[in-house]
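Close look at the chain arrangement
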Amino acid sequence: MKLFLDTGDIAEVSKAAEWGVIDGVTTNPTLIAKTGRGFRETVLEICSLVPGGAISAEVVATEYDEMLREALEIASWNEQIVVKVPLIRDGIRLTKELTKRNIRTNVTLVFSVSQALLAAKAGATYISNFVGRVDDISGDGMAAVAETVAMVENYGFPSEVLVASVRHPLHVVEAVQAGAHVSTMPFKVLDQLFNHPLTDIGLKRFLDDWNAAGLEIFERVAR
Ligand code: E4P
C-alpha cells in the first residue's frame, strides 16, 4: 500500500520524506490556506522534497471551463502533480477530459461506491474515499472503502482507491484490511504508526544488557 502525507506543511513533508516511506502528498484548499504561503510555491517545494512522488493539488473553480483552465495551469507546474478534482458533475466531466490528455487525477470528496463508480468510469487515477468525516457523523466510513476496492477489482478499473480523511492509526490498519491501494494521513498519524510499547521496552533491555557487559562495536586498537 502506498502512503501519502496529507498536509501543506513543508516541515512535516521534509521530516516524513527523510524516513523514506512516503510515496506522495495530498493537499486541499484548507491545508494550503493554513500554510500562509502561495499555492504554487508550496506545491513546488513539496514536489522537490518528495522526488518522483505523486503530489495532489486541487482546483477551486466549480464550473467546467474554469476548472479546466485551473487544472491545466496546475498540471503545467511539475510532472509530479496530480490534479485533484471534486466529485461534482463538472468535476467528473473534467476528470474524463484530463484522462484523455494523460493528466493524472485524484477525485476527491467521495463518500459512496456510487460516486466512486463515476470517478472510475471517468478514468480517475486515484479515488479519494473520505472515512473520518463519515465516522464524525456516526457512520461507517470504511464500509464505502471496502465496497469501492471490490468494485475496482471486480471490473478491472485501473483507478487506485485512496483512503482519505484519516484520523488515527486504526484507520490505516482498516485501510490495509480493506485492500486499499493508498492511504493518506496527517503527519501525526504517520508518526503514531511507529509506536509500540514493547518496542520501547525491548530496545531499553537490549541496550541495558549491552552496556552492562561493556561491549563496543568500534573496538579501540592498542598502539
Ligand atoms: C485528502 O485528500 C483530504 O483532503 C483529507 O484527507 C481530508 O481530511 P479531513 O477530513 O481530516 O479534513
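Structure: see above.
Residues numbered from 1 in each chain as written. Predicted model: local features only at pLDDT ≥ 70, side-chain atom pairs only at ≥ 80, totals over all residues. Heavy atoms only, no water.

**Re the site of the ligand**
Around the ligand, a shell composed of D6, T26, N28, K84, F130, R133, A164, S165 and R167 is seen. At a separation of 2.8 Å, an oxygen atom of the ligand approaches a polar side-chain atom of N28. Within the side chain of R133, an N or O atom sits 2.7 Å from an oxygen atom of the ligand. Contact with the protein chains removes 84% of the 340 Å² of surface that the ligand exposes when unbound. Broken down by class, the residue content of the shell around the ligand amounts to 2 nonpolar, 3 polar and 4 charged. (Near = heavy atom within 4 Å. Polar contact = N/O pair within 3.5 Å; in protein donor to acceptor, adjacent residues only side chain to side chain. Areas by Shrake-Rupley, 256 points an atom, 1.4 Å probe, with all protein chains shown as cover. Nonpolar A, V, L, I, M, F, W, Y, C, P; charged D, E, K, R; others polar.)

**Topic: the sheet that holds strand 7 (residues 160-164)**
Pairing is parallel in the closed barrel, where 8 strands are placed in the order 1-2-3-4-5-6-7-8. Neighbour-to-neighbour, the strand axes of the sheet open up by a mean angle of 30°, direction not taken into account. Pairing of strand 5 (residues 105-110) with strand 6 (residues 126-130), which is carried by 3 bridges, proceeds in the parallel orientation. Bridge pairing in strand 6 links V107 to I127. Packing of helix 3 (residues 39-49) onto the sheet brings it into contact with strand 2 (24-26), strand 3 (54-58) and strand 4 (81-86), and relative to strand 3 it is tilted by some 170°. Docked against the sheet, helix 4 (residues 64-77) engages strand 3 and strand 4, running at close to 160° with respect to strand 4. (Pairing = 2+ DSSP bridges. Helix = DSSP H or I, 4+ residues; strand = E, 2+ residues; numbered from the N terminus. Axes fitted to C-alpha atoms, helices over the stretch in contact; angles between N-to-C directions. Contact = heavy atoms within 4.5 Å.)

**As for the side chain of T27**
Tracing the backbone shows T27 in the loop between strand 2 and helix 2 (29-35). Reaching out from T27, the side chain makes a polar contact with the backbone oxygen of S56 at a distance of 2.7 Å. Not counting chain neighbours up to four residues away, the residues in contact with T27 comprise T7, G8, I32, I46, S56, A57, E58 and K84.

**Points about the side chain of N28**
Its location among the elements puts N28 in the loop between strand 2 and helix 2. Separated by 3.0 Å, the side chain of N28 and the backbone nitrogen of T30 make a polar contact. Side-chain polar atoms of N28 contact the backbone nitrogen of L31, separated by 2.8 Å. Beyond its immediate chain neighbours, meaning those up to four positions away, N28 contacts E58 and K84.

**With respect to the pairing of strand 4**
For strand 4, the tally of buried residues reaches 6 of 6 residues, placing the bulk of the element in the interior. The alternating pattern of strand 4 places I81, V83 and V85 and V82, K84 and P86 on opposite faces, both of which are buried. The pairing of strand 3 with strand 4 spans 4 bridges and is parallel. Counted as the bridge partner of A57 is V83 from strand 4. Traced from strand 3 through helix 4 to strand 4, the parallel crossover comes out right-handed. Taken together, the 4 bridges between strand 4 and strand 5 define a ladder with parallel strand orientation. Bridging across to strand 5, K84 finds its partner in N106. A crossover links strand 4 with its parallel partner strand 5, the connecting element being helix 5 (residues 89-100), and its sense is right-handed. (Buried < 20%, exposed > 50% of the residue type's maximum accessible area, 1.4 Å probe, protein only. Right-handed = clockwise from strand over helix to strand, strands pointing away.)

Function cannot be inferred from these measures alone, as they are strictly geometric.
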